Amino acid sequence: MKFNTSQLKAIQHKNGPMLVLAGPGSGKTAVITHRTKYLIEECGINPLNILVITFTKAAATEMKQRFLRIMNQSHAPVSFGTFHSIFFTILKYAYNYSSANIISEEARLTFFRSIIAHLNIEIDDEKEFIASISNEISLVKGDMLSLDHYYSINCSEDIFKEIYTAYENKLRKENLIDFDDMLVFCYELLKERPDILSLWQKKFQYILIDEFQDINRVQYEIVKLLSLPENNLFIVGDDDQSIYRFRGAKPEIMLNFQKDYPDAKRVLLNINYRSSENIVKYAGRVIKNNKSRFEKDIEANRSVGPEPMIKTFKELQEENTEVITAIRHYHDQGIPYNEMAVLFRTSTGPRALVNKLMEFNIPFRMKDALPNIYEHWIAKNLLAYIKIALGSRDRNLFLQVANRPKRYLARDIFDSPTVDFEDLKGKFSDKEWMLDRILKFEYDLTMLQKMSPHAAIHYIRKGIGYEEYLSEYATFRRIKVEELLDILDELQESAKPFTTYEEWFEHITSYTVELQEQLRDRKQVNYNSVSLSTMHSSKGLEYTIVFIIDANEGITPHNKALSDADIEEERRMFYVAMTRAKQYLHIYSVKERYNKELSVSRFVGELLIDCADLKEQARIEHKSYGKGTIVKNTDGKLIIYFDKLHKERVLDINFCIGNHLIRVIEE
């Protein structure tokens, strides 16, 4: 295998720390495996003293297999594993732990449900809440944070502390540990027991880490301990592809690596062997707008290729139709479906597209399980209202919506399997204000009986007051009410084509069956189909053709991204999505989604104009002010003299680029 100069420099590094900046498609896996081989065959390092760490079991397995292939399957007992597997091995030797001590996901879920019930916390989205709390506990442990001054992102501080403490107590009582404990306990063990630390330092004298940009605080602290005293630490990653801050990843650890290790050498793998020159160029334009990053000049090894195809559509339906048309066109040209991918910001993004793919019988597979919107708790609430309106008197349906919005109907009022409104009114015969609420409830259900599904959802939202309930709930859960209203918008839009409840229910059933089939098809590795994936899950993959859909403000970047660090993470995600493409890149946006106006993502503006071209004396054209000359570019501001105005204007660069207000012109 032939290597370029930068790759060889990394492969032939022997002692001391090294930082390898590996751009997209730059052959980092080959560098890691061949450097391991080099240490063994050229430097005489005992394979038993080499540790290669990855972030996933699949990556560790693939890395080991590739290593064995280049070693011609000869016996070389290098340790390949994830952070968790390696650190759990250390704990096993110290504490005699076994797999029986690791809490299962099912048991963890049971723990949380029990704690929530014991604390009498009423949660509507229990599954979502538990997932969010579980992730937050992982962040706290991974960042080694104290709860004393911790501000929860999911609920009040008191509730979070109670859940956290109860969860920890349950784990200790059952002699169980979770995956985060593997890291925390390992760190504490190595800090407190220098004798044990010394044993593992002698064992792992050369440490190589893949995807280093995704490391968290406690993982890094353990690695620093293990690599002492020689610090033969070889880290490989790309700060521009760090997209897991929500899981605790700290890209700043990589950015500050040379401060921690001043004698560390640095090498940039700057040749992209995957993407065409144009894709590399335009992706580079976007990512250079991030401030917290290593400067890189990435070059393409492939030909120029076509320009990215950027289009804005009036509405979602037009966008989806265009995606279908393009997929069919490429397939007719002989490009297989499995060389095409549709990428989106969140797993809920492609729901409307999925319906279209089904309609045209285009095979597709979900990289992530597509959440069934009809199984969302909000959808269940709407369906409960409608089923009660159609005559059902099932107690469980009433319990779902009795107090959404508040009607002050306690659970114990519904004391039989079916609900009778006359009986209900009888229980409140002495409370006129409660009778008014029940009568209004009855009236609302009568109104729903003969409505279309679309009209019914609108009435539940506005007439019954369900949106007010969601607003209160969002405040309690510390989430944006817009996130919940978006679910309502999507449900209402999906109901539009159906004139009767029966038609809508049939669609819900068939849609659910199709998703179940998709889940089954995901297990077929070689299934020739279009890949649908979130930007997160697309990392590490490549396709001849990539469609990035819904490139709009509020979607990418997501409306949750408020801080500069959040926006930079969103930009890295967009960069990752762009660099999955080998040859053809389509970036689509819409002007309107679920009756809401949207603007095109700022990232689209950034790829259309290179901020490096906005230099003094450059000629530009502004959408409102016309042609002008840049007088000065300083501190994120442009001072431009406009010809028609005969005066200067001071404009914000990011605002101008993000909103496509200016373009560089040649005269």
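Residues numbered from 1 in each chain as written. Predicted model: local features only at pLDDT ≥ 70, side-chain atom pairs only at ≥ 80, totals over all residues. Heavy atoms only, no water.

As recorded in an unreviewed UniProt entry, the protein goes by DNA 3'-5' helicase and comes from Anaerosporobacter mobilis DSM 15930. Its UniProt record gives the protein a comment under Sequence similarities (unreviewed entry), which states: "Belongs to the helicase family. UvrD subfamily." (UniProt positions renumbered as here; feature names shortened; annotations may be inferred.)

When helices and strands are counted, the protein shows 27 helices and 20 strands. For the protein, whose C-alpha radius of gyration is 28 Å, the value lies close to the compact-globule estimate of 26 Å for 667 residues. Reported as C-alpha extents along the three principal axes, the dimensions of the protein are approximately 90 × 75 × 50 Å. When contacts within the protein are restricted to residue pairs at least 6 apart in sequence, long-range pairs at least 24 apart make up 75% of them. Accessible surface, the protein as shown: approximately 31,400 Å² in total, 49% of it carbon and sulfur. (Helix = DSSP H or I, 4+ residues; strand = E, 2+ residues; numbered from the N terminus. Rg over C-alpha atoms; globule rule 2.2 N^0.38 Å. Contact = heavy atoms within 4.5 Å. Areas by Shrake-Rupley, 256 points an atom, 1.4 Å probe, with all protein chains shown as cover.)

A word on the UniProt feature "binding site: ATP" (unreviewed entry) in the protein. The UniProt record annotates "binding site: ATP" (unreviewed entry) at Ala 22, Gly 23, Pro 24, Gly 25, Ser 26, Gly 27, Lys 28 and Thr 29. Considering the arrangement of structural elements, one finds Ser 26 in the loop between strand 1 (18-22) and helix 2 (28-41). Residue contacts for Ser 26: discarding those within four places in its chain leaves Gln 7, Leu 269, Ile 271 and Tyr 273. Within the secondary structure, Thr 29 sits in helix 2. Look past the residues within four positions of Thr 29 in its chain and what remains in contact with it is Met 63 and Arg 66.

Below, the discussion takes up the sheet that holds strand 2 (residues 50-54). Pairing in this open sheet of 6 strands is parallel, and the strands run 3-2-4-5-1-6 from one edge to the other. This sheet does not close on itself; its edge strands, each paired only once, are strand 3 (79-82) and strand 6 (265-269). Going across the sheet, the axis of each strand differs from the next one's by a mean of 15°, ignoring polarity. Across 4 bridges, the pairing between strand 2 and strand 4 (residues 206-209) is parallel. The residue bridging Val 52 from the neighbouring strand is Leu 208, located in strand 4. The strands touched by helix 3 (residues 57-70) are strand 2 and strand 3; relative to strand 3, the strand with the most contacts, the crossing angle is about 160°. (Pairing = 2+ DSSP bridges. Axes fitted to C-alpha atoms, helices over the stretch in contact; angles between N-to-C directions.)

One recurring pattern in soluble globular proteins: nonpolar side chains tend to sit buried together. Grouped together as the largest cluster of nonpolar side chains are 101 residues, with contacts concentrated most on Ile 327, Val 342 and Leu 448. Take this core: its biggest share by element is 10 residues, from helix 16 (residues 377-389). Setting aside chain neighbours within four positions, we find Ile 327 in contact with Tyr 337, Met 340, Val 342, Leu 357, Ile 362, Val 530 and Phe 547. If you look at the next biggest cluster of nonpolar residues, it comprises 42 residues, including Leu 51, Ile 177, Leu 197 and Ala 264. (Core = buried A, V, L, I, M, F, W, Y, C linked by side-chain atoms within 4.5 Å. Buried < 20%, exposed > 50% of the residue type's maximum accessible area, 1.4 Å probe, protein only.)

Packing of helix 6 (residues 126-142) against helix 7 (residues 157-173) brings their axes to within 11 Å, and their N-to-C directions diverge by 75°. Here helix 6 lies roughly perpendicular to helix 7, going by the angle between them. Of helix 7, the residues touching helix 6 (which contributes Phe 129, Ile 133, Glu 136, Ile 137, Val 140 and Lys 141) are Phe 160, Ile 163, Tyr 164, Tyr 167, Glu 168 and Leu 171. Its residues assigned to classes, the contact of helix 6 with helix 7 comprises 9 nonpolar, no polar and 3 charged. (Parallel < 35°, antiparallel > 145°, perpendicular 65-115°, else oblique. Nonpolar A, V, L, I, M, F, W, Y, C, P; charged D, E, K, R; others polar.)

What follows covers the packing of helix 16 against helix 20 (residues 453-464). Each packed pair of helices is defined by two parameters, the angle between the axes and the distance between the axes. With their axes 10 Å apart at the nearest point, helix 16 and helix 20 run at an angle of 100° to one another. One element, helix 16, and the other, helix 20, form an angle in the roughly perpendicular class. Residues Leu 382, Tyr 385 and Ile 386 of helix 16 lie in contact with helix 20, whose contacting residues are Ala 456, Ile 457, Ile 460 and Ile 464. Partitioned by chemical class, the residues of the contact of helix 16 with helix 20 number 7 nonpolar, no polar and no charged.

What follows concerns the packing of aromatic side chains. One pass over the structure, following the stated rule, counts 35 aromatic pairs. An angle of 85° between the planes, with centres 5.1 Å apart, marks the rings of Phe 313 and Tyr 588 as edge-to-face. On the criterion of sequence distance, the pair formed by Phe 313 in strand 9 (residues 309-315) and Tyr 588 in strand 14 (residues 581-593) is long-range, its members being 275 residues apart. In this structure Tyr 588 comes out as buried when scored by relative accessible area, which is 0%. When the ring of Phe 574 is compared with that of Phe 603, the centres are 5.4 Å apart and the planes differ by 45°; the resulting orientation is tilted. In this pair, Phe 574 sits in helix 25 (residues 564-578) while Phe 603 sits in helix 26 (residues 602-608), placing the two residues 29 residues apart along the sequence. For Phe 603, a relative accessible area of 0% puts it in the buried group. Ring pairs connect the aromatic residues Phe 313, Tyr 330, Phe 547, Tyr 584 and Tyr 588, which therefore count as one cluster. Here the guanidinium or amino end of Lys 170 rests over the ring plane of Phe 111, the centre of that ring lying 5.2 Å away. Across from the ring centre of Phe 441, 4.0 Å away, lies the NZ or CZ of Arg 407, which sits over that ring. (Phe/Tyr/Trp six-rings, centres within 6.5 Å; stacked < 30°, edge-to-face > 60°. Lys NZ or Arg CZ within 6 Å of the ring centre and 35° of its normal.)

Next up on the list: the side chain of Arg 619. Assignment of secondary structure puts Arg 619 in strand 16 (residues 619-622). Looking at Arg 619, its side chain comes within polar contact range of the main-chain oxygen of Gly 628, at 3.4 Å. Residue contacts for Arg 619: discarding those within four places in its chain leaves Lys 627, Gly 628, Thr 629, Asp 643, Arg 663, Val 664, Ile 665 and Glu 667. (Polar contact = N/O pair within 3.5 Å; in protein donor to acceptor, adjacent residues only side chain to side chain.)

On to the pattern of salt bridges, then. Evaluation of the coordinates by the stated rule reveals 49 salt bridges. Among the salt bridges present, the one from Glu 467 reaches Arg 461, with a minimum N-O distance of 2.7 Å. Classification of Glu 467 as buried rests on a relative accessible area of 17%. One salt bridge in this structure joins Lys 596 and Asp 489, with 2.9 Å as the shortest N-O distance. Taken together, the residues Lys 596 in strand 15 (residues 596-597) and Asp 489 in helix 22 (residues 481-495) connect sequence positions 107 residues apart. (Salt bridge = Lys/Arg side-chain N within 4 Å of Asp/Glu carboxyl O.)

A few words now on the sheet that holds strand 16. Read from one edge of the open sheet, 5 strands run 19-18-17-16-20, paired in antiparallel fashion. Looking along the sheet, the strands with just one partner apiece sit at the ends: strand 19 (647-652) and strand 20 (662-664). Ignoring strand direction, the axes of neighbouring strands in this sheet form an average angle of 40°. Looking at chain direction, strand 18 (residues 637-642) and strand 19 are connected through 6 bridges and run antiparallel. Residue pairing across strands places Lys 637 opposite Asp 652, the latter belonging to strand 19.

Right, let's get into the state of the cysteines. With the rule as written, the count across this model stands at 0 disulfides. Looking at the unpaired Cys 611, the closest cysteine sulfur is the one in Cys 656, lying at 13 Å. (Disulfide = S-S within 2.5 Å.)

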